[in-house]
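# Close look at the chain arrangement
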Amino acid sequence: MGLLYRTWFGLTGWIVGVVLWLFILQGQVLWWQPAALWALFMVLWLITRQLGADSGALPFTAVLVFCGWVFLARLDPALAQGHFYGAMLGAVLYLFGLLVPAIRFPFTRLWAWAALGLLAVTAIWGESAGGARAWLSVGSLRFQPVELAKIFLMFYLGRQLSREQAPWERLFFLTCFCLLAAWQRDLGPAVLVFAVFGWLSLWHSFSWYKLLGWAAAAAGGFCGAVGLFSHVQNRVLAWLKPWDYLDSKGYQVLQGLFALRAGGLVGQGLGQGLVRVIPHGHTDYIFAVLGEEFGFLGVCALLLCYLSLAFWALRILDGLDQERQLVGLGLTLLLHGQVVLVVGGILRLLPFTGMTLPFVSFGSTSLAAQFWMLGTIAGWSRGGGEA
Amino acid sequence: MRRSFLVLALFYGMMLVSAFYWQLCADLASHPANPRYYLAFQKERGAIFDGQGRPLAFSTAVEGGYARHYAAPSLSHVVGYFHERYGMTGLELLYHAELSSGRSVFTTLDLELQKAAEDLLSGSQGAVVVLRPDTGQVLALVSLPCVDGGALDENWPDYLGDVRSPFLNRATHGLYPPGSVVKPLVYAAAAAEGALEPGSTWFDGGVLELPGGTMGNFGGRAHGEISLDEALAKSSNVVFGKVAVVLGERLLEYFRLFGLGQMVPLELSNKEGYVPDAIASQYHAAQLGIGQAELLVTPLQMAQAAAALANGGVLMRPYLVQEIRGGLRMRQITRPQVLGRILPPEAAEQVKRAMALAAQEGTAKTDLSTELEYAGKTGTAQMGSVPDHAWFIGFAPVDAPQVAVAVLVEHGGMGAEAAAPLGAEIMRKALQLSE
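From a predicted model like this one, the values you see are computed outputs, not experimental measurements.

### A short note on the overall build of chain A
Of the regular secondary structure elements, chain A holds 14 helices and 3 strands. Within chain A, the proportion of its 387 residues that are buried is 51%. A separation of at least 24 residues holds for 70% of the contacts in chain A among residues at least 6 apart in sequence.

Printed below as a string of C-alpha cells:
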C-alpha cells in the first residue's frame, strides 16, 4: 500500500507533468511561463520535502495548473499570463499555509466576521461581471473576496463544530454568509458553503432528524432562490429543458454539450476545437473546452487528478485531531464540491452554478485561495502539525 | 474520512459516466443548433464516383468556400444533394461523416446509363431501377420529376410549388399497385409449390366467376385452353386468377419471399409497400394474383424481384455503395450479399422461359424483340377514374442475365405501349455499356 501510494503520488504525477510540460514547450512562443511554473513547482516540492511534509499533492496540482495554462494560452495568451501570476501568488499562499498554523489563531469568531466583512465590502463597493457583483478593485488589482471568505468561514465553522457548543451561532453565520452572497447575486459560493457545512455537520454526528433538517433547509433555500431570482429560474430551465431555449437560456448548456460530443474518445486535438462559441470558455466552461480538445480520455485524466487530490487530503486528515479533521474536511470539500458543482452542471447532472474549475479556470483569486487550502493541509502532515 | 472519500469517489464516478454518455453516445453531432454542423460547408468535401470512376458529385473552390456540383439532375434522388441552406439528402447525408473528412465514395451506378434512363423517361412522371441480378449492384435509379442538386438556389421556390412533387423519390417511396407485373411472381410460386404438372393447360373463358365477385381479361378476350407460359405471354387475368385461388395463402408467402411488403435493405430508405396478412375470399385471391386488390409495391421492389427471377431464384441485396476510399481506414469494400434462395432453380428457369416468350410474341414484345434477347412482363395497374399506371419488368440476355430492370410510368396507360419500349431500350443500352 505504501509503495503504491509513493509511486502514484511521487512518480506518476511528475511523469504526466513532464510530458505535459514538454507538450506545452513545443512550438510555444510563451516558453518562459511554463518553464517558470515548472521551476516554481519544483521549489515548492523541495521546500515541502525539507519541512518533512507530504508533497504528494504537488504533482497533480502541477498537472491541473499546466492544463489550465495550456487552454488559456490557446484561447488568449493574455489570460495565460494572468493564470501564471495567479499561480505565483498561489505559491506564496501555499507556503503561508504550510508554515503559518492559522488554525491556532485564538479568536475563532473573528474568522466568521472577516468572511462576512469581505462579503459586505464587496456588496457595497464591488463591481459586477457576469450578473454577479463579486469583484473588488484595490488600485489596479481586481480580486474576488468571496474566494477567501469561503475559507475564512470554513475555519470558523470547523472549529466551532468541534467544540460542541452554541449550534445557533454557527447557523447564524452560515445564514448570514448565504444571504450576503445571494444579495450579490452570486449563489455558487452560497450553495457550496451550505452543502459543505451540511456534510461536515452530518459527518461529525449523524442523525436522521439532522439529515431531514438539512434536506428541508436545502429544499426551502432552493425554492426561495427560484422564487426570488430570475437568473436562478433561467439556470433551472436551462438545466431541465435546454432544447426549448436553444438560443437564449439554454445556449451555454447546449454549446457545452455540443463541444463535449465533438470531443468523442480522444478529442479534436489542442487548438482544433470550435471553442469560441462557448460563453465563459476560459472560466466556468473550461471543462467543455478540455472535453472537446482532449476527449473522454482527457476528462478521465482530469477527474482522476482531482480524485487523487481528495485521496491525498483525506489520508492526511485521517490521523489528526477532530478540530483539524473538521476544518480540513471542510476545506477539501470546498475544493471538490466546486468541481462537482461545475462539472456536474456542465454535464447536466445539476443546474449550472457559475464557478471556476479549481486550478484550471482563469481567476487568480480562486487559484491563489485553492493553493492556500492545499498548503494548510500539507502543513498538518508534518508530525501532527506542530509547526 | 474513508466514508467521505467514498462519497466523493461516487460523485466523480457519476461525472465519468455522464461524460461518457455526452461525449460518446449522445446524438448531437448533426443537431441544427450545433455550429460544428455548418463547418462542413466551408471545407473541401470528398467526391462521389460511379462504377467507372466518373465523378457524380464533386466540390470546387469558390469565393468563401466550396460549391458542390452534380453530373446529372436525376442523381438528386440517389446521390442526394448537399447545400448549406437546404441541408443534405441521399448518399450525401448517409456518408456525410466520411465525405466531410475528405474520403471518396465509389458507387455502383453507371453515369451513362443513368443519363440514358433519365432521357428516356423525361417528359413523364415515373421511375426506372436497373440492377445487376448476380450481384445486386444498382446500375441506375431514376425518378422523375426531380430537383437539380446543383441548382437549388435558383429553383427552390419552383420546386416547392411544383404539384408533381419533385422531392418524392418514386423509385423508393412511390407506392403503386403492381398490376400484371406480379404475374411472374405468381407463376414462380405455382412452379415452386409443384402446383403445375408438366404439359398441363388451363381454360380461359374470358371471364372468371368466383364467390365474392367476377373478373375478366383485358378487353374481354377469351384465350381458350392454354399453357401457363402462354397465359403469361398473353397476360391472362382468368388463368392467373385461377392459379392464385389454387395457391391461396401460400401466394402471400411468396410475395413476401420476393421482398414485397418489406423494406429493401438498400442504403437509401424506402417504403415497405403493402401485402395483406390474409386472404378473405377466392375473389380476393384472384385479384391479388393479377396484382390488384390492396397490393402496393415500389419500383425498387419490383426490380429486386425481377433480378431474383433472372438470378435463378437467388435474391441478392441491392446496394449502391461499392467502396469508400481515403483516410485512415484506407478502403472499405462492399461484397455482394445473398438475401435468400427463394425458388428452386427449375422454377426460376420456367418463369424465365415464359417471360422470354412474352417478350418474343406476347404483350412485352417491342421493336427491339428481334435484336435483343430479353425476357419481360408488362403491367397496367388499373386506377379506376384516373389513367392507369404503365409497368414493365424484365432482364436480358435471357440465358445469362446481366441486367434487370423495372420501369414505372405514372398514368402512362398501357404497359405494353408506355413502359415496355422504355425497358427494352434501357436494357439494350446497359448491355452496350457493359461490353
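### Some remarks on the overall build of chain B
Summing up its helical and strand segments, chain B has 16 helices and 19 strands in all. Every one of the 435 residues in chain B was classed for burial, and the buried ones make up 51%. Sequence separation of at least 24 residues holds for 67% of the intrachain contacts in chain B that already meet a minimum separation of 6.

### Thoughts on the pairing of strand β10 (residues 207-210) of chain B
Residues and elements named next belong to chain B. As judged from the 4 bridges shared by β10 and strand β11 (residues 213-216), these two strands associate in the antiparallel manner. Within β11, the residue paired with Glu209 across the bridge is Thr214. The loop that links β10 with its antiparallel partner β11 comprises 2 residues; one of these, Gly212, has a positive phi angle of about 110°.

### As for the packing of helix α5 (residues 108-125) of chain A against helix α7 (residues 167-183) of chain A
All names here are of chain A. The N-to-C vectors of α5 and α7 enclose an angle of 15°; their axes lie 9 Å apart at closest approach. Between α5 and α7, the angle falls in the class roughly parallel. Between α5 and α7 lies a crossing of left-handed hand. Taken together, the residues of α7 that come into contact with α5 (itself represented by Ala112, Ala115, Leu116, Leu119, Ala120 and Ala123) are Phe173, Cys176, Phe177, Leu180, Ala181 and Trp183.

### Section: the interface of chain A and chain B
The figure often quoted for interface size is the accessible area lost as the parts come together. Taken together, the contact between chain A and chain B spans 33 residues of the former and 25 residues of the latter. Those elements that provide at least two residues to the side of chain A that touches chain B are α11 (251-263), α12 (286-317) and α13 (322-346) of chain A. Broken down by element, the residue count for the side of chain A that touches chain B peaks at 12 residues, all from α12 of chain A. Here the residues of the side of chain A that touches chain B are counted per class, giving 25 nonpolar, 6 polar and 2 charged.

### A word on the packing of α12 of chain A against α13 of chain A
Residue and element names in this part refer to chain A. The N-to-C vectors of α12 and α13 enclose an angle of 165°; their axes lie 11 Å apart at closest approach. Overall, the two elements α12 and α13 adopt an arrangement that is roughly antiparallel. The element α12 and its partner α13 pack so that their crossing is left-handed. Contacts between α12 and α13 involve Phe287, Ala288, Tyr306, Ala310, Ala313, Leu314 and Leu317 from the former and Gln325, Gly328, Leu329, Thr332, His336, Val339, Val342, Val343 and Ile346 from the latter.

### Structural notes on helix α12 (residues 282-289) of chain B
All names here are of chain B. The buried count for α12 comes to 7 of 8 residues, which makes it a mostly enclosed element. All of the buried residues in α12 are Tyr283, His284, Ala285, Ala286, Gln287, Leu288 and Gly289. Turning to α12, the residues buried within the fold contact α8 (183-192), β10, β11, α10 (237-247) and α11 (250-257).

### Comments concerning the sheet that holds strand β1 (residues 48-49) of chain B
Residue and element names in this part refer to chain B. If you trace the 6 strands from one edge of the open sheet to the other, you get β3-β2-β1-β6-β14-β15, paired in mixed fashion. The two strands at the open ends of the sheet, each matched to only one other strand, are β3 (65-70) and β15 (331-333). Note: strand β14 (residues 321-325) against β15, 3 bridges, orientation antiparallel. Within the sheet, the bridge partner assigned to Ile324 lies in β15 and is Gln332.

### Focus: the environment of Ala310 of chain B
Residue and element names in this part refer to chain B. Within the fold, Ala310 resides in helix α13 (residues 299-310). Residue Ala310 is classed as buried on the basis of its 30 C-beta neighbours within 10 Å. With 176 residues separating them in the primary sequence, Ala310 and Asp134 have C-alpha atoms 8.2 Å apart.

### Observations regarding the nonpolar core
Across soluble globular proteins, you tend to see nonpolar side chains buried next to one another. Residues Val128, Val129, Val130, Ala188, Ala306 and Val405 of chain B are the most contacted members of the largest nonpolar core, which totals 127 residues. Among all residues touching Ala306 of chain B, those that are not within four sequence positions of it are Ile393, Gly394, Phe395, Ala404, Val405 and Ala406 of chain B. Listed in part, the 125 residues of the second largest apolar core include Phe41, Ala238, Leu317 and Phe359 of chain A.

### Digging into the confidence of the model for chain B
For chain B, per-residue confidence averages 92 on the pLDDT scale, and residues scoring 70 or more make up 100% of the total. In the model output, the complex is listed with pTM 0.64 alongside ipTM 0.92.

### What to know about unusual backbone geometry
Along the chain, Leu144 of chain B connects to Pro145 of chain B via a cis peptide bond; the corresponding omega equals 0°. The residue after Ala396 of chain B, namely Pro397 of chain B, is reached through a cis peptide bond having omega -15°. Counting through the fold element by element, Pro397 of chain B comes out in the loop between β18 (389-396) and β19 (403-409). One non-glycine residue with positive phi stands out, namely Arg185 of chain A, at about 60°. Here Arg185 of chain A shows up in the loop between α7 and α8 (187-204). Judged by the 16 C-beta atoms lying within 10 Å of it, Arg185 of chain A is partly exposed. One non-glycine residue, Phe359 of chain A, lies in the positive phi region at around 70°.

### Section: the sheet that holds strand β7 (residues 126-131) of chain B
All names here are of chain B. Pairing is antiparallel in the open sheet, where 5 strands are placed in the order β8-β7-β19-β18-β17. Of all the strands in the sheet, just β8 (138-144) and β17 (375-381) have a single pairing partner and so form its edges. Averaged over all pairs of adjacent strands, the angle between strand axes in this sheet comes to 5°, irrespective of strand direction. Along the sheet, α13 makes contact with β7, β18 and β19, crossing β19 at roughly 150°. Where helix α14 (residues 345-361) meets the sheet, its contacts fall on β17 and β18, and the angle it forms with β17 comes to roughly 75°.

### A closer look at the environment of Ser434 of chain B
Mapping Ser434 of chain B onto the fold places it in helix α16 (residues 420-434). When the C-alpha atoms of Ser434 of chain B and Asp110 of chain B are compared, they prove to be 9.5 Å apart, with 324 residues separating the residues in sequence.

So, how was this worked out
- As a convention, each chain's residues are numbered from 1 in the sequence order in which they are written.
- Working convention: letters from A go to chains and numbers from 1 go to ligands, in the order in which they are written.
- Given that the model is predicted, a residue must reach a pLDDT of at least 70 before its local features are reported, and side-chain atom pairs must reach 80 or more before they are shown or counted; all residues, however, enter totals for whole chains, interfaces and linings.
- In this description a helix means any DSSP run of H or I spanning at least four residues, a strand means any run of E spanning at least two, and both kinds are numbered starting from the N terminus.
- Exposed residues have 12 or fewer other C-beta atoms within 10 Å of their own C-beta, buried residues have 20 or more, and partly exposed residues fall in between, where C-beta atoms are placed from the backbone.
- Throughout, a pair of residues is in contact if the C-beta atoms placed from their backbones lie within 7 Å.
- Two strands qualify as a pair provided that DSSP identifies no fewer than 2 bridges between them.
- In this analysis an axis means a line fitted to C-alpha atoms, helices contributing only their contacting stretch, and an angle means the value between N-to-C directions, from 0 to 180 degrees.
- Orientation is classified from the angle alone, with under 35 degrees giving roughly parallel, over 145 giving roughly antiparallel, 65 to 115 giving roughly perpendicular, and any other angle giving oblique.
- Should the near helix be turned anticlockwise from the far one by less than a right angle, the crossing is termed left-handed; should it be turned clockwise, right-handed.
- Ten residue types, Ala, Val, Leu, Ile, Met, Phe, Trp, Tyr, Cys and Pro, are classed as nonpolar, four, Asp, Glu, Lys and Arg, as charged, and the remainder, Gly among them, as polar.
- Throughout this description, the term nonpolar core refers to a group of buried Ala, Val, Leu, Ile, Met, Phe, Trp, Tyr and Cys residues whose C-beta atoms join them within 7 Å.
- Residue-level confidence of the predictor is summarised by pLDDT, bounded by 0 at the bottom and 100 at the top.

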